[in-house]
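Spelled out from the first residue to the last, the chains are:
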Amino acid sequence: MIAHFDLDAFYASVAQRDDASLRGKPLAVSGSSRRAVVLTASYEARPFGVRSAMPLYRARELCSELIVVPPDFPRYREASRACFEIFEAGARAVEGLSLDEAFVEIATDDIDAATAYAQTVRDRIRQEVGLSASAGVSRQKMVAKIACDEAKPDGLKTIAPGTEADYLAPMPAGKLWGVGPKTQARLVSERIERIGQIAALSDTDLFRLFGRWGRELRELARGNDTRPVVSDRETRSVSSETTFEYDVRNLTELRQVLRELAVDVAERLATHHLRGTTIGIKIKRDDFTIVGRQTTVAQPTSEASVIEAAANRCLERVDLSAHAVRLLGVRVASLTEELTEQISMFEHKESPWA
Amino acid sequence: MKFTCSTKDIASAVGAASKIVNAHSTVPILSNVLLSAGDDTIRVRATDLELTLEHVFPGEIQEPGSVTVPARLFSGYLGNLSAGIMELSGTPTRASVKCQRSNYDFHALPPDEYPPLPASQKGRSFAVDGKRFREGINATIFAASSEEARGAVLMGTLLEVSGDQITMVATDGYRLAKWQTNLVRSADEEGTIKYIVPSRALAEVARNLGGAEKVEVTALGPAGNQLAFAAAQTSIVVRLVDGQYPNYGQVIPAQFDRSVAVNTSALIAGLRRAELVAGDRASMVKMSVANQQLIITANSDTTGNAYEELEVEQTGDDLTIAFNARYLVEILTHVDAPQIKMEFLGPLSPAAIRPSDEPEGVRQMYVLMPLRQ
């Protein structure tokens, strides 16, 4: 059985947990720059229409008494670590999707036992971490996630084996994995709005509408999702890459992208509670040749700044004079679990290095 | 240019020089070694601009002059010659070798394009015993940082000369090596002199000058920003790291309140076994000291559990502390003593490691920061 857990309004809830004066008030976690967006809105802010990814000025327009606090990532990581440790107890595999979201495979075929496990996890997170988590339980990943979304906030929903297709059928097609806004628009023009309609499509229509992955999509729609929960422990490397719309020659631009990729990789390492010592870059040139460079750091890291610095040194070792760059990627490997930390001589107060 | 020499002499000289050459250099002539003939001696020189090595060997000079040859290629060729006599003649574009029944021409580059020798203005100097200096270099430089991102200063090793003493210190911020001995000849100037030497340059000094009875060390250049190490046939000149070395004295606790004395090889073996299990957990091993015993444990969800028991001489309170086993093993393998002493203050404080009985004339100690669990 698979459970999907999602911490409710994670950043905002951590802030409210740690500061009683924020509880029960509309709250947004956001940066402070003029272009800042809302990272998380508390449930009190949501009735005003405040949503994550919304520009902060817009959120303030919607809700005049909105309290805005800056993000505190070390604290989020700490809370996330504590929750993931709770997931691990009794789990066969834990696959983190972000700091506040994970799939957990439970070693049972009994839906009641799985539901009991999910409830225990939710209780423990409330007692030990002081946060509320929602959960969805099902035989499969996608259904568990959809059920979890429906259970929010602070709820638990179980979809019994064999009822997945019926559960999915009336849902909007956009809930299916892999159906983005573009595909959805195309489906609307074909008058396909519900997942049940996709489940009933013929092979010919499937291919016409979705191409090669049509059959896979229909299997999902029919409640046949066989993808396994992939344990974070089996993760060998974490990477992020981007293909440019136009080939890039400008080193400043490449460095800028490298920074974004490093931030992305760092976030994903944090999601899986991993750190790595091997940092590498991948470049595809405009003649489609691929070059890679890598370097190692002494201490396992998940720090964006360390990854960025190492990636930049790799970039310096690539001869970019002859070709423009089509694709740039950053990768961190030689991963270890984020359980221990080498104490540095640097961190002592009376540090001679300062 | 033309000279005759022993194949053995030239092979070892060019072999040593070619190790300095940076194989990835973008300046073609830096891939070459410079051979200069004059006054019954032949000089072989290689440089990567930071480090310059010159080796002198005897020969019969028919025509003085210079030639530059690709280092790797030429050293590979010489390494495959049998012992005997060879003749080398050079022009700005060609080096020709005759040896027994083989004749080779190598493409050369004009010797006047070769970087000139570093400044020769001499400053203060002192001398060390070559063999002892090699021991000291080997016992310290491994602790230096190998990460460019953390700066050249930490990648270097500190040479501190004061009176008739030399102290070498290397650290990457997680462990620190300190080694002291007496000079063969004191510095010709009062006060403490500090040099930060790139650690890889010291490795070359140990390799090339470690057999010498006496190594002369001389500051070069008007700003004294280069250091020359010289013995009989070989000299190495290195550009020093510009910067302030951390005040390492501050991270070495003045006093410890507990310690263990333990058999070095038994501890190394135990740690190496335990580390196998701890591999995917940052090589973390826990060491617990109680009842005159040292218990080493390690565990990982993917591999299993490790448990090792060692008899120790314990003084002071019990303690549990975690280390990166690899760091600790690396330190222990550089302590040439049957028994070592580890000293502690607490689970999150620096620990010291030193030989229980120090070899004569040498003082050696290491500091290792623990892991936080």
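This is a predicted model, so every value here is computed, not measured.

What about the layout of surface pockets?
Piece 1. What the largest pocket holds in volume is close to 1,400 Å³.
Piece 2. Broken down by secondary-structure element, the contributors of at least two residues to the lining of the largest pocket are helix 3 (73–88), strand 10 (274–285), strand 11 (290–301), helix 12 (304–316), strand 12 (325–337) and strand 13 (341–342) of chain A together with helix 7 (325–333) and strand 27 (371–372) of chain B.
Piece 3. A class-by-class count of the residues in the lining of the largest pocket yields 15 nonpolar, 16 polar and 18 charged.
Piece 4. Residues from two domains meet in the lining of the largest pocket; each of domain 1 (1–161) and domain 3 (237–349) of chain A gives at least three.

Let's talk about the packing of aromatic side chains
Piece 1. Applying the stated criterion to the full structure yields 17 aromatic pairs over all chains.
Piece 2. Both rings, one in Phe73(A) and one in Tyr76(A), keep their centres 5.5 Å apart while their planes meet at 85°; by these two values the pair is edge-to-face. Remark: Tyr76(A) and Phe73(A) occur in helix 3; sequence separation between them is 3 residues, near one turn of the helix.
Piece 3. Assessed through its relative accessible area of 2%, Tyr76(A) is described here as buried.
Piece 4. Taken together, a centroid distance of 5.3 Å and an interplanar angle of 65° make the contact between Tyr77(B) and Phe106(B) edge-to-face. Taken together, the positions of Tyr77(B) in helix 2 (residues 71–79) and Phe106(B) in strand 9 (residues 102–107) put the pair 29 residues apart, joining distant regions of the chain. Across this residue pair, the class does not change: Tyr77(B) and Phe106(B) are buried.
Piece 5. Among the aromatic side chains, those forming a connected cluster through ring pairs are Phe5(A), Phe84(A), Phe87(A) and Tyr117(A).
Piece 6. Above the plane of the ring of Tyr43(A) lies Arg46(A), whose end atom (NZ or CZ) is 4.3 Å from the centre.

Remarks on the interface of chain B and chain A
Piece 1. Across the contact, 31 residues belong to chain B and 22 residues belong to chain A.
Piece 2. Both faces considered, chain B and chain A share a buried interface measuring about 2,400 Å² in area, 60% of it formed by carbon and sulfur atoms.
Piece 3. The largest per-residue losses of area from chain B upon contact with chain A belong to Glu147(B), Tyr174(B) and Arg372(B), which jointly make up 24% of the total buried on that side.
Piece 4. For the interface between chain B and chain A, the tally reads 1 salt bridge.
Piece 5. The closest approach of N and O atoms between Arg372(B) and Glu341(A), which form a salt bridge, is 3.2 Å.
Piece 6. Viewed at the interface, chain A and chain B are joined by 7 residue pairs in polar contact (both at pLDDT 80 or more).
Piece 7. Elements supplying a minimum of two residues to the side of chain B that touches chain A: strand 13 (175–182) and strand 27 of chain B.
Piece 8. Residues belonging to the side of chain B that touches chain A are distributed by class as follows: 15 nonpolar, 7 polar and 9 charged.
Piece 9. Note: strand 13 of chain A against strand 27 of chain B, 2 bridges, orientation antiparallel. From the neighbouring strand, Gln342(A) faces strand 27 of chain B, where its bridge partner is Leu371(B).

Side note on helix 3 (residues 130–140) of chain B
Piece 1. All of the buried residues in helix 3 of chain B are Gly130(B), Phe133(B), Gly136(B), Ile137(B), Ala139(B) and Thr140(B).
Piece 2. Its side-chain oxygen at 3.0 Å from the backbone nitrogen of Lys131(B), Asp129(B) defines the N-terminal cap of helix 3 of chain B.

Observations regarding the packing of helix 6 (residues 264–278) of chain B against helix 7 of chain B
All names here are of chain B.
Piece 1. Direction vectors running N to C along helix 6 and helix 7 enclose 155°, while the axes themselves pass 10 Å from each other. Comparing their axes, helix 7 and helix 6 come out roughly antiparallel. Crossing of helix 6 over helix 7 shows left-handed handedness. Counting all contacts with helix 6, which are made through Thr264, Leu267, Ile268, Leu271, Arg272 and Glu275, the residues of helix 7 involved are Ala325, Arg326, Leu328, Val329, Leu332 and Thr333.
Piece 2. The residue inventory of the contact of helix 6 with helix 7, partitioned by class, reads 7 nonpolar, 2 polar and 3 charged.

Structural notes on the nonpolar core
Most often, soluble globular proteins keep nonpolar side chains buried together rather than apart.
Piece 1. Core analysis: the biggest nonpolar cluster contains 107 residues, and Phe74(B) and Phe229(B) have the highest contact counts within it.
Piece 2. With near-sequence residues (within four places) excluded, Phe229(B) lies in contact with Phe133(B), Leu159(B), Leu202(B), Val205(B), Leu209(B), Val215(B), Glu216(B), Val217(B), Thr234(B), Ser235(B), Ile236(B) and Val238(B).
Piece 3. In this structure, Met1(A), Ala15(A), Leu22(A) and Leu131(A) belong to the second largest nonpolar core, which totals 37 residues.

Here we look at the confidence of the model for chain A
Residues and elements named next belong to chain A.
Piece 1. With 97% of its residues at a pLDDT of 70 or more, chain A has an overall mean of 88.
Piece 2. Ranking the elements of chain A by mean pLDDT puts helix 7 (residues 181–189) last, at 81, and strand 7 (residues 133–138) first, at 96.
Piece 3. Low pLDDT (under 50) marks residues 349–354, which in the prediction has 14 contacts with non-local residues, meaning those over four places away or in another chain.

Reading the values: the criteria
- Residues numbered from 1 in each chain as written.
- Chains lettered and ligands numbered in written order.
- Predicted model: local features only at pLDDT ≥ 70, side-chain atom pairs only at ≥ 80, totals over all residues.
- Heavy atoms only, no water.
- 1 Å grid on protein atoms, 1.4 Å probe; cavity = no way out; pocket = protein on both sides within 12 Å on 5 of 7 lines; lining within 4 Å.
- Points joined across faces, edges and corners; volume = space filled by probe spheres on them.
- Helix = DSSP H or I, 4+ residues; strand = E, 2+ residues; numbered from the N terminus.
- Nonpolar A, V, L, I, M, F, W, Y, C, P; charged D, E, K, R; others polar.
- Domains from an automatic or database assignment.
- Phe/Tyr/Trp six-rings, centres within 6.5 Å; stacked < 30°, edge-to-face > 60°.
- Buried < 20%, exposed > 50% of the residue type's maximum accessible area, 1.4 Å probe, protein only.
- Lys NZ or Arg CZ within 6 Å of the ring centre and 35° of its normal.
- Contact = heavy atoms within 4.5 Å.
- Buried area = accessible area lost by both parts, 1.4 Å probe.
- Salt bridge = Lys/Arg side-chain N within 4 Å of Asp/Glu carboxyl O.
- Polar contact = N/O pair within 3.5 Å; in protein donor to acceptor, adjacent residues only side chain to side chain.
- Pairing = 2+ DSSP bridges.
- Axes fitted to C-alpha atoms, helices over the stretch in contact; angles between N-to-C directions.
- Parallel < 35°, antiparallel > 145°, perpendicular 65-115°, else oblique.
- Left-handed = near helix turned anticlockwise from the far one by under 90°.
- Core = buried A, V, L, I, M, F, W, Y, C linked by side-chain atoms within 4.5 Å.
- pLDDT = per-residue confidence, 0-100.

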